[in-house]
Amino acid sequence: WGSTALYDAMARGLERLAAQTGRKALVIFTDGEDNTSAMSIDGTEQALGKTDATIYLVGQGTALKDPRFRAILDRLAGSSGGRTFYPDNEAALHRAFADVSEELASQYLLGYVPRHTGERGRWRTIIASTRRAFSPPESTLQRFSISSPEKPKQPASVRSEPTDARGNASWSVS
């Protein structure tokens, strides 16, 4: 059939996004496994680790049937804090776009500067709290990621704390 340069397309998209300010997201459609890219999957993941872009992959064709290819797409999207979608009909495709739109509209970025700069590269636990009860879907909690200048972006472990008597909720991210 045709040629697919998925990794090269992702790298080119990330390169173009790097010049932009603000929130960055890349939605990529693919119908087949990469078979012509100059860049490897490892090189693509390294490029993803150096950017703050979130990748959303929409798999069609082979991605609907091949578990090995789905695992590759899941790995790439997951390393950026994004998601994969495998719509098998038009309604599912509309839901995928609605999910991406909702997710982008409700994301928050938390920044942290350590008090003790002599401990660079050491992971710390950060607790985020709300003033009212809020229970995000479990899939949202799984998409936290953390990064530092010394370490590339990677998934964070998240622990949800019970809501307190005043209705405040909190999550520990480490």
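For the structure, see preceding data.
Below is a short write-up of the structure. (Residues numbered from 1 in each chain as written. Predicted model: local features only at pLDDT ≥ 70, side-chain atom pairs only at ≥ 80, totals over all residues. Heavy atoms only, no water.)

Now for the packing of aromatic side chains. Each aromatic ring pair is specified by the distance between its two centres and by the angle formed by the two planes. Per the stated rule, a full pass over the model turns up one aromatic pair. With a centroid separation of 5.8 Å and 40 degrees between ring planes, the pair formed by F29 and F97 is classed as tilted. Of this pair, F29 sits in strand β1 (residues 25–30) while F97 sits in helix α5 (residues 90–105), and the two are 68 residues apart along the sequence. F97 gets classed as partly exposed once you look at its relative accessible area, which sits at 38%. (Phe/Tyr/Trp six-rings, centres within 6.5 Å; stacked < 30°, edge-to-face > 60°. Helix = DSSP H or I, 4+ residues; strand = E, 2+ residues; numbered from the N terminus. Buried < 20%, exposed > 50% of the residue type's maximum accessible area, 1.4 Å probe, protein only.)

Another aspect to go through is the packing of helix α1 (residues 6–18) against helix α2 (residues 41–49). Where α1 contacts α2, the two axes come as close as 9 Å, and the packing angle between them is 20 degrees. Here α2 runs roughly parallel to α1, going by the angle between their axes. With respect to the hand of their crossing, α1 and α2 are arranged in left-handed fashion. Contacts between α1 and α2 pair Y7, M10 and L14 from the former with I41, T44, A47 and L48 from the latter. The residue makeup of the contact of α1 with α2, split by class, is six nonpolar, one polar and no charged. (Axes fitted to C-alpha atoms, helices over the stretch in contact; angles between N-to-C directions. Parallel < 35°, antiparallel > 145°, perpendicular 65-115°, else oblique. Left-handed = near helix turned anticlockwise from the far one by under 90°. Contact = heavy atoms within 4.5 Å. Nonpolar A, V, L, I, M, F, W, Y, C, P; charged D, E, K, R; others polar.)

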